[in-house]
Amino acid sequence: MSEISLREYLADLDRLLNQHAADDVILHSRHILQYYPKIVDAYRYLGRALILNGRWDEAEAALRRVIAVVPDDYYAHTGLSEIYDRNRRGDEAIWHLERALEQNPNQRELIDSLRSLYKRYRNIDQAKVPMTAGGVARQAMANQSYEQAIETLRSALVRHKDRVDLRLLLAESLWAGSDPVEAAE
């Protein structure tokens, strides 16, 4: 039996997923998780493969595990949005797609999908999708405007105290803005 590193194994799963070999990805992801139950990437691949096979409840469980560890995971949020849209849970589908858009604010496909969800579930037909606080803060960080990012995140956290992803982003902003003590707190 040949040996393969976990990193190579996960890279193979990515390749298989891109080839739409969902059954193989499910099998191998579960094999990895049997021995390494804390490998987040394996849950991410498992969730994405389960979506390809239309196994919505299992995919939701796998992707929820990813979000529990990595609150701003792009693939988990897009996957959960698709799952909730399929299950006609519009508010949740929109919420998760907004989180994905915060990660990649210029992706046309995400913007169009979010527009479609707004129209379908909220009867809002708008040409421009408004930026969320997380998206504004990420753009400020990309421009090294850490104080603007910090201010935006602090005001957003007043309204949304339970947003762990915003807390993490605030810590990153504080760290990058040369306040490591407050970032650690």
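As shown above, the structure is provided for reference.
What counts as what
Residues numbered from 1 in each chain as written. Predicted model: local features only at pLDDT ≥ 70, side-chain atom pairs only at ≥ 80, totals over all residues. Heavy atoms only, no water. Salt bridge = Lys/Arg side-chain N within 4 Å of Asp/Glu carboxyl O. Buried < 20%, exposed > 50% of the residue type's maximum accessible area, 1.4 Å probe, protein only. Helix = DSSP H or I, 4+ residues; strand = E, 2+ residues; numbered from the N terminus. Contact = heavy atoms within 4.5 Å. Axes fitted to C-alpha atoms, helices over the stretch in contact; angles between N-to-C directions. Parallel < 35°, antiparallel > 145°, perpendicular 65-115°, else oblique. Left-handed = near helix turned anticlockwise from the far one by under 90°.

Remarks on the pattern of salt bridges
In step 1: Following the criterion strictly, the structure yields 18 salt bridges and no others.
In step 2: Between Glu-92 and Arg-89 there is a salt bridge, with the nearest N and O atoms lying 2.7 Å from each other.
In step 3: What makes Glu-92 partly exposed here is its relative accessible area of 30%.
In step 4: By relative accessible area, Arg-89 is classed as partly exposed at 31%.
In step 5: In this structure, the salt-bridge partner of Arg-115 is Asp-112, at a minimum N-O distance of 3.0 Å. Highlighted residues: Arg-115 and Asp-112, both in helix α7 (residues 108-122), separated by three residues, approximately one helical turn.
In step 6: Owing to a relative accessible area of 21%, Arg-115 belongs among the partly exposed residues under this scheme.
In step 7: Look at the salt bridges and you will find they share partners, linking Glu-98, Arg-99, Glu-102, Arg-163 and Asp-165 into a network.

Examining the environment of Asn-53
In step 1: Within the secondary structure, Asn-53 sits in the loop between α3 (40-52) and α4 (56-69).
In step 2: For Asn-53 and Ile-26, which are 27 residues apart along the polypeptide, the C-alpha to C-alpha distance reads 9.6 Å.
In step 3: Apart from the residues within four sequence positions on either side, Asn-53 is in contact with Ala-22, Asp-23 and Ile-26.

Here's the deal with the packing of helix α5 (residues 74-86) against α7
In step 1: Running from N to C, α5 and α7 cross one another at 30 degrees; their axes reach a closest spacing of 13 Å. Judged by the angle between their axes, α5 and α7 are roughly parallel. Considering only the axes of α5 and α7, their crossing is left-handed. Judged by residue contacts, Tyr-74, Thr-78, Ser-81 and Asp-85 of α5 engage Leu-110, Leu-117, Arg-120 and Tyr-121 from α7.

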